[in-house]
Amino acid sequence: MTEPQTTDDRDVVDVLVADHSAVEALFVELETRQGAPEHRRHLVDVVIAELVRHSVAEEAYVYPIARKALPDGDEIADREIAEHAEAERTMKELESADPTGSRFDELLAHLTRTIRHHVREEENELFPRLRAATAREELVDVAAKVEAVKEIGPTRPHPGTPDHPPANRLLAPGIGLVDRLRDALSGRPTSVDELREQKQR
């Protein structure tokens, strides 16, 4: 029987796949169209926060490894970043959409399709190649960096901000601080745990 992995021995692929699974569970819940509009709004807020943190972490630490380790790494990284940019524009519009309106559902459906396509590409193509071309120690080290930047990075979409190191690494903490202040003041949930806490109040 395989022992479950601890946080310390997970590599960056493990971390990112776990993120993908968490977002997919939220998408599935949203697709059931159950719950009050306010609950759907909060679910979407959590999806957006999760996706933004994930994207910022990939752009800061994962795609640079792809550029270095894979012969077509520049092409792959540029494609993935372009997909992030498209998703971020959709999230920006979705952030202010009325959850009772048809535009909300249209934007959510578009975001869901875009992210699922992106996830399939990463999990079937990029991640296996990264593991094959990169030392496990480096992937474990990058996992810690990804987790750290997700703790301090943005929680809201910011189209137009830098998506390449070093600028994105330098700006992420400051933008993240402002986002977390806005989230706290508005009561916007940014994680499943916060969503559960709100429902229990």
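Predicted model, so just to flag it, every value in this text is computed and none were measured. (Residues numbered from 1 in each chain as written. Predicted model: local features only at pLDDT ≥ 70, side-chain atom pairs only at ≥ 80, totals over all residues. Heavy atoms only, no water.)

**Thoughts on the environment of Gly101**
Convention followed: Helix numbering and strand numbering both begin at the N terminus, where a helix is a DSSP run of H or I of at least 4 residues and a strand a DSSP run of E of at least 2.
Topologically, Gly101 is positioned in the loop between helix H3 (73–95) and helix H4 (102–133). Along the chain, Gly101 and Ala87 lie 14 residues apart, while their C-alpha atoms are 20 Å from each other.

**Regarding the side chain of Thr190**
Here is the rule: Two residues qualify as a contact provided that any one of their heavy atoms is within 4.5 Å of a heavy atom in the partner residue.
Within the fold, Thr190 resides in the loop between helix H6 (167–186) and helix H7 (192–200). Thr190 has contacts with Val46, Ala49, Glu50, Arg53, Thr155 and Asp183, leaving out every residue within four places of it along the chain.

**Brief notes about the nonpolar core**
Basically, it comes down to this: Among the buried residues, those of types Ala, Val, Leu, Ile, Met, Phe, Trp, Tyr and Cys that are joined through side-chain atoms within 4.5 Å form a nonpolar core. Exposure classes here rest on a 1.4 Å probe applied to the protein chains alone. A residue is buried below 20% of its type maximum, exposed above 50%, and partly exposed in between.
Ranked by size, the top nonpolar core spans 47 residues in total, and within it Val12, Leu51, Leu94, Leu111, Leu126 and Val146 carry the most contacts. Contributions of two or more residues to this core are made by helix H1 (12–31), helix H2 (37–69), H3, H4 and helix H5 (136–152). If one sorts the elements of this core by residue count, H2 sits on top with 15 residues. Once residues lying within four places of it in the same chain are set aside, the contact partners of Leu126 are Tyr63, Ala66, Leu70, Ile76 and Glu121.

**Remarks on H4**
Quick reminder of the rule: A helix is expected to reach a length of 1.5 Å times the quantity of its residues less one. To get the bend at any residue, fit one axis to the seven residues that end at it and another to the seven that begin at it, then take the angle between the two axes.
With 32 residues, H4 ought to run about 46 Å at 1.5 Å a step, and its terminal C-alpha atoms sit 45 Å apart, in line with that. Where H4 bends most, the angle comes to about 40°, and this point is Glu122.

**What to know about the packing of H2 against H3**
The following threshold applies: Axis definition: a line fit to C-alpha positions, over the contact stretch in the case of helices; interaxial angles, taken between N-to-C directions, run 0 to 180 degrees. Angles are sorted into four bins: roughly parallel if under 35 degrees, roughly antiparallel if over 145, roughly perpendicular if 65 to 115, and oblique for all others. What makes a crossing left-handed is the near helix being turned counterclockwise from the far one by less than a right angle; a clockwise turn instead makes it right-handed. Under this grouping Gly is polar, as are all residues other than the nonpolar Ala, Val, Leu, Ile, Met, Phe, Trp, Tyr, Cys and Pro and the charged Asp, Glu, Lys and Arg.
It is the contact of H2 with H3, at a shortest axis distance of 10 Å, that shows an interaxial angle of 160°. What the angle tells us is that H2 and H3 run roughly antiparallel. The chirality of how H2 crosses H3 is left-handed. Contacts between H2 and H3 involve Arg41, Val44, Ile48, Leu51, Val52, Ser55, Glu58, Glu59, Tyr63, Ala66 and Arg67 on the former and, on the latter, Gly73, Asp74, Ala77, Asp78, Glu80, Ile81, His84, Met91, Leu94 and Glu95. When the residues that make up the contact of H2 with H3 are grouped by side-chain class, the tally is 10 nonpolar, 3 polar and 8 charged.

**Quick word on the pattern of salt bridges**
To keep things clear, this is the line we draw: The working definition used for a salt bridge is a side-chain nitrogen of Lys or Arg within 4 Å of a carboxyl oxygen of Asp or Glu.
For the structure shown, the criterion picks out 26 salt bridges. Notably, a salt bridge pairs Glu125 with Arg79, separated by 4.0 Å at the nearest N-O pair. Of this pair, Glu125 sits in helix H4 while Arg79 sits in helix H3, and the two are 46 residues apart along the sequence. Classification of Glu125 by relative accessible area gives partly exposed; the value is 42%. Each of Arg41, Asp45, Lys92, Glu95, Arg156, Asp183 and Arg188 takes part in salt bridges that share partners, so that together they form one network.

**Some points on the packing of H5 against H6**
It is at 8 Å that the axes of H5 and H6 come closest, and there the two elements cross at 45°. Accordingly, the angle class assigned to the pair H5 and H6 is oblique. Taken together, the residues of H6 that come into contact with H5 (itself represented by Val149, Glu151 and Ile152) are Ala172, Pro173, Gly176, Leu177 and Arg180. Per-class residue counts for the contact of H5 with H6 are 5 nonpolar, 1 polar and 2 charged.

**A short note on H1**
Rules: Here a polar contact means two N or O atoms within 3.5 Å. Within protein one must be a hydrogen donor candidate and the other an acceptor candidate, and residues neighboring in sequence count only if both atoms are side-chain atoms.
In a regular helix each residue adds 1.5 Å, so 20 residues correspond to 28 Å; H1 covers 29 Å between its end C-alpha atoms and thus fits that length. For H1, the full list of buried residues reads Val12, Val13, Asp14, Val15, Leu16, Asp19, His20, Val23, Leu26, Phe27 and Leu30. Where H1 begins, the capping side chain belongs to Asp11, and its oxygen is found 2.9 Å from the backbone nitrogen of Val13. Positive backbone phi, approximately 55°, marks Arg33, located one or two places after H1.

Geometric descriptors of this kind do not, in isolation, establish any biological role.
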